[in-house]
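# Reading the structure
Next come the chains, spelled out residue by residue.
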Amino acid sequence: MSAEPSVLNQNAEPDWKNYDDFARGIDTNRLSGTQDWRGKTLQIAFEDGGEITLRFSADRQRVLWAWGGESGEDAYEEVQTSAARYFFNIPLQSPGNECLTLVLNRDSGRALLVRSTLLPEHAVEKGSRLKQSFHVGLIAGVTPGGIAPHLTRELIGYRTLNVYSPNHYYEHFYVNTERYAWQNLRGEQFGHGDMDYATYYKFEDEMFLFTFREKIIPVCSVFFFDFISGRCTGTFLGLDAAGRVLVSPAGAFISKMSYNAYPEGVQPL
């Protein structure tokens, strides 16, 4: 289905695809889900203040969570990305336009949570209806090891190939600390590309958390990049062609293709 410009994608070219057009099958190469945290409780204290508590149901894929004055019970997904590392995504039923996405290393005690919010149409920020906040923390009861997750410039200048399925080939170029560029090499969006807002955190050596917020259509993502295993695991939040909130799992084989070295004295933002 081709999308005509609308309030959902008002800056789009006439044949621009909606979120649900390209999201189908984008989890083909995703790592399988796990259930290691069923029946367990996880507490994380954040550097910026506050604490989140997650109580995972023993017999259902549900989690009771409490963060500051907020709380809820929601479905969640869990993926073990490597020996001690996990990726969680919790779409919040209320108010229905947010996700909590968490990556952690249970051995080092390090954790990073992203709160993604779909803003009302009248509340666009910098041309995007998506907002994300980032919260670095420590797992209660674990002696901290390694490095704390932090904003990084290490990805700037790299081009990567992200293969989500036989019909989803995307090239990324990490332009500066605020933007990345993409183009579709195979799939529903073939020939399309854009430059969108991005944020990069280093989690560990060769492991990063990458997020983007699109301008043309209301969609954002959170991905955990593991260049050691060559896998990335993530999720999308946005609106489909009918204006409904859609949360989609995604995952890809990821590889570095090239690197741009800038001349001395010349560096991007």
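Just so you know, the residues in each chain are numbered from 1, in the order the chain's sequence is written. Given that the model is predicted, a residue must reach a pLDDT of at least 70 before its local features are reported, and side-chain atom pairs must reach 80 or more before they are shown or counted; all residues, however, enter totals for whole chains, interfaces and linings. The side-chain figures draw on all heavy atoms in the structure; neither hydrogens nor water molecules are used.

The name an unreviewed UniProt entry gives the protein chain is Molybdenum cofactor biosynthesis protein F, with Serratia montpellierensis as the organism.

## A short note on the side chain of Thr-101
To qualify as a helix, a DSSP run of H or I must reach at least 4 residues; to qualify as a strand, a run of E must reach at least 2; elements of each kind are numbered from the N terminus. Note that Thr-101 resides in strand S7 (residues 98–105). A relative accessible area of 1% places Thr-101 in the buried class. Here a polar contact means two N or O atoms within 3.5 Å. Within protein one must be a hydrogen donor candidate and the other an acceptor candidate, and residues neighboring in sequence count only if both atoms are side-chain atoms. A distance of 2.6 Å separates a polar atom in the side chain of Thr-101 from a polar atom in the side chain of Asn-89. When checking whether two residues touch, look at their non-hydrogen atoms; a contact exists if any pair is within 4.5 Å. Here Thr-101 is in contact with Phe-87, Phe-88, Asn-89, Leu-112, Leu-113, Val-114, Val-222 and Thr-235, once residues within four sequence places are set aside. Accessible area is worked out with a 1.4 Å probe on protein chains only. A residue is then buried under 20% of its type maximum, exposed over 50%, and partly exposed in between.

## With respect to the pairing of strand S9 (residues 130–139)
Here S9 lies mainly inside the structure; seven of its ten residues are buried. In terms of strand pairing, strand S1 (residues 41–46) meets S9 through three bridges, oriented antiparallel. Following the sheet pairing, Ile-44 is matched in S9 by Ile-139. DSSP bridges decide pairing: two strands pair if at least two such bridges lie between them. Pairing analysis gives nine bridges linking strand S8 (residues 110–118) to S9, with the strands arranged antiparallel. The residue bridging Arg-110 from the neighbouring strand is Leu-138, located in S9.

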